[in-house]
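A closer look at the structure
Here is how the chains run, residue by residue.
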Amino acid sequence: MKALVLDAEGRTGIVRDVPIPEPQSNEVLVRVRAIALNPVDALYTAYPLGKSGRILGSDFAGEIVVSGSSVPSSSQLKAGSRVAGFLQGACSKNDRPGAFAEYLVVPWDLVWRINDLSFEEAATISLCALTAAQALFLRLELQAPFSLSQKQPHDDLKHESISIVINGGSTSVALYAAQLAKASPTPVSLFGTASTRHRSFLSKAPYRYDYLVDYRDEDWSNQILQPNDGRGLDFGFDCISEGSTVLKTARTLRQGAKLAVVRSRQGQAWNTSRDELGVEPSYGAVWEGLGEDVEYVGMTLPANAQAREFAVAFYAWLSEGGKIVSNPVRLMPGGLEKVVKDGFTLLGTGSVNDRRMERREEEYMRPVSGEKLVYQIK
Ligand SMILES: NC(=O)c1ccc[n+]([C@@H]2O[C@H](COP(=O)([O-])OP(=O)(O)OC[C@H]3O[C@@H](n4cnc5c(N)ncnc54)[C@H](OP(=O)(O)O)[C@@H]3O)[C@@H](O)[C@H]2O)c1
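Remember, it's a predicted structure, so these values are computed and weren't measured experimentally.

**Section: the overall build of the chain**
A count of helices and strands for the chain gives 10 helices and 17 strands. For a compact globule of 378 residues, the expected C-alpha radius of gyration is about 21 Å, and the chain comes in at 20 Å, within 12% of that figure. Projected onto the principal axes, the alpha-carbon positions of the chain cover approximately 60 × 50 × 40 Å. Counting the 378 residues in the chain, one finds 58% classified as buried. Put simply, of all contacts in the chain between residues at least 6 apart along the chain, 70% involve residues at least 24 apart.

Structural data, given as structure tokens:
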């Protein structure tokens, strides 16, 4: 089969012929039909953590070819089932293959059944929607719209209304976070930042922001507080977490509020102290949902059974028809051979503020804004 593999010396990806993987008894073999791109896919190709030859890429959607012998029939996963999920690709030192290939294997309980979406739409969901769900329901402890065996301390808030601010409202992660926040049984007032041109799109279903400001305004934190009579909000989710954005988000919160971030102080994406923020932001990596050790340079996130259990519950909810609208899809021309040359060029090296080093004239090479880059795998 064809796969996009890491060339660590060249800090790029190249399409190679590699063997089709064989599923273990708890895995399914998937014929990949669409892949979606995430900033981390580009980041760890430009700054490799592992050796050449490993398969790149995270998000996929496709059809099951074979189910392993211990996959339960109650899962309804059989040859021909349409599924989506994500793998870790080259985003850790651990040598596990990624998703940018014609075929892949994945544990059966870490995929979800695609109901009424195209492969292209479904491919945009697994990684970023799980990132958003982990932040809201595991780390900020809002009440989830699906059942969890872990107790959520904020259960006692379930009949009260809460306020949340989401910074970076047009990012892929935030497009899912807004929908999931509004899907919580707890009534949520949603505040956010986005470019002015996204305001009308984000005010409507399925996002339904109650109040939006432009993140380019230096005093956006103060503007967020205005409709709330100057009172700080209950929860914050910074979907950018770079430079001063964590401080600006923290400034919109009340004392005792909780704040989640997508990038860490330890990873040097931002460096504001806890004292200055007035809250210690909670960071987590979506990979924890895969339930394996995740090794970076000088740091290992140990396998996290609770995070895996959460991912399984979230994907079961999606399989059972949990309502989530995909990111708007920008279908990119070509297939695996174009991912690095076009898609990774648009994503830069992972920072949402440091994109598109090389200017290109084609319409599909405009900056990524409120959309997900998707390739079909034919
Ligand atoms: N912790 C984890 O496990 C995890 C998982 C997934 C993603 N992430 C990280 O989360 C971040 C977002 O990823 P993504 O895929 O959701 O991004 P994305 O969709 O590629 O983000 C693009 C959007 O960012 C907006 N933007 C750029 N700079 C901004 C700023 N300073 N303030 C507000 N909005 C800004 C742009 O809006 P305009 O076009 O309107 O300017 C654009 O719509 C990345 O750093 C990614 O690496 C972390």
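Right, picking up where we left off after that structure.
**Concerning the nonpolar core**
Of all hydrophobic cores here, the largest spans 103 residues; its most connected members are Ile166, Trp287 and Phe314. Of the domains in this structure, domain 1 (2-125 + 326-376) and domain 2 (130-289) are the two that each give at least three residues to this core. Among all residues touching tryptophan 287, those that are not within four sequence positions of it are Val40, Ser58, Phe86, Leu87, Gln88, Cys91, Leu127, Val294 and Tyr296.

**Section: the pairing of strand E9 (residues 188-193)**
Successive residues of a regular strand alternate their side chains across the two faces of the sheet. With 5 of 6 residues buried, E9 is to be regarded as a mostly interior element. Two strands pair when backbone bridges link them, and strand E8 (residues 162-167) and E9 are joined in this way by 5 bridges, in the parallel orientation. Note on E9: the bridge partner recorded for isoleucine 164 is leucine 190. Judged from the 3 bridges that link them, E9 and strand E10 (residues 211-213) form a sheet pairing that is parallel. Each residue of the ladder has a partner; that of phenylalanine 191, found in E10, is tyrosine 211.

**What about the environment of leucine 136?**
Here leucine 136 shows up in helix H3 (residues 126-139). Sequence-wise, leucine 136 and glycine 13 are 123 residues apart; in three dimensions their C-alpha atoms are separated by 34 Å. What leucine 136 contacts, discounting residues up to four positions off in sequence, is Glu141, Leu142, Ala177, Leu180 and Ala181.

**Some words on the side chain of serine 58**
For serine 58, the location among the structural elements is in the loop between helix H1 (39-46) and strand E4 (59-67). A polar contact is formed between the side chain of serine 58 and the side chain of aspartate 41, at a distance of 2.6 Å. With sequence-adjacent residues up to four places away left out, serine 58 is seen in contact with Asn38, Asp41, Gly85, Phe86, Leu87, Ala99, Phe100, Leu127 and Trp287.

**A look at the site of the ligand**
Neighbouring the ligand are 28 residues, the closest being Ser170, Ser195, Tyr215, Val286 and Ser369. Serine 172 is positioned such that a nitrogen or oxygen atom in its backbone is 2.8 Å from an oxygen atom of the ligand. Within the side chain of arginine 216, a nitrogen or oxygen atom sits 3.1 Å from an oxygen atom of the ligand. Relative to its unbound accessible area of 940 Å², the ligand is 92% covered by the protein chains. Only H3 and helix H4 (172-183) provide two or more residues apiece to the shell around the ligand. Residues of the shell around the ligand, tallied by class, amount to 12 nonpolar, 12 polar and 4 charged. Residue assignment places the shell around the ligand across two domains, with domain 1 (2-125 + 326-376) and domain 2 (130-289) each supplying three or more.

**Remarks on the sheet that holds strand E12 (residues 253-261)**
Strand order across the open sheet formed by 6 strands is E10-E9-E8-E11-E12-E13, with parallel pairing between neighbours. Across the chains shown, the open sheet's two edge strands, defined by having one partner strand only, are E10 and strand E13 (282-283). Where H3 meets the sheet, its contacts fall on strand E11 (233-238), E12 and E13, and the angle it forms with E12 comes to roughly 140°.

**Examining the pattern of salt bridges**
Taken as a whole and judged by the stated rule, the model has 19 salt bridges. Here arginine 360 makes a salt bridge to glutamate 362, at a shortest N to O gap of 3.1 Å. The buried category is assigned to arginine 360, whose relative accessible area is 12%. Across the salt bridge formed by glutamate 363 and arginine 366, the nearest N and O atoms sit 3.6 Å from each other. Judged by relative accessible area, arginine 366 falls into the partly exposed class, the value being 31%.

**Some points on the environment of leucine 127**
In this structure, leucine 127 sits in helix H3. When its relative accessible area of 6% is taken as the criterion, leucine 127 is described as buried. Along the chain, leucine 127 and valine 173 lie 46 residues apart, while their C-alpha atoms are 8.6 Å from each other. The contact partners of leucine 127, leaving out residues within four places of it in the chain, are Asn38, Ser58, Asp59, Phe86, Val286, Trp287 and Tyr315.

**A word on the packing of H3 against H4**
Put simply, H3 and H4 touch, their axes get as near as 8 Å, and they point 50° apart. Compared by their axis directions, H3 and H4 come out oblique. The element H3 and its partner H4 pack so that their crossing is right-handed. Along the contact surface, H3 presents Cys128, Ala129, Thr131, Ala132, Ala133, Leu136 and Phe137, while H4 presents Ser172, Val173, Tyr176, Ala177, Leu180 and Ala181. Counted by class, the contact of H3 with H4 contains 11 nonpolar, 2 polar and no charged residues.

The rules behind these values
- Residues numbered from 1 in each chain as written.
- Predicted model: local features only at pLDDT ≥ 70, side-chain atom pairs only at ≥ 80, totals over all residues.
- Heavy atoms only, no water.
- Helix = DSSP H or I, 4+ residues; strand = E, 2+ residues; numbered from the N terminus.
- Rg over C-alpha atoms; globule rule 2.2 N^0.38 Å.
- Buried < 20%, exposed > 50% of the residue type's maximum accessible area, 1.4 Å probe, protein only.
- Contact = heavy atoms within 4.5 Å.
- Core = buried A, V, L, I, M, F, W, Y, C linked by side-chain atoms within 4.5 Å.
- Domains from an automatic or database assignment.
- Pairing = 2+ DSSP bridges.
- Polar contact = N/O pair within 3.5 Å; in protein donor to acceptor, adjacent residues only side chain to side chain.
- Near = heavy atom within 4 Å.
- Areas by Shrake-Rupley, 256 points an atom, 1.4 Å probe, with all protein chains shown as cover.
- Nonpolar A, V, L, I, M, F, W, Y, C, P; charged D, E, K, R; others polar.
- Axes fitted to C-alpha atoms, helices over the stretch in contact; angles between N-to-C directions.
- Salt bridge = Lys/Arg side-chain N within 4 Å of Asp/Glu carboxyl O.
- Parallel < 35°, antiparallel > 145°, perpendicular 65-115°, else oblique.
- Left-handed = near helix turned anticlockwise from the far one by under 90°.

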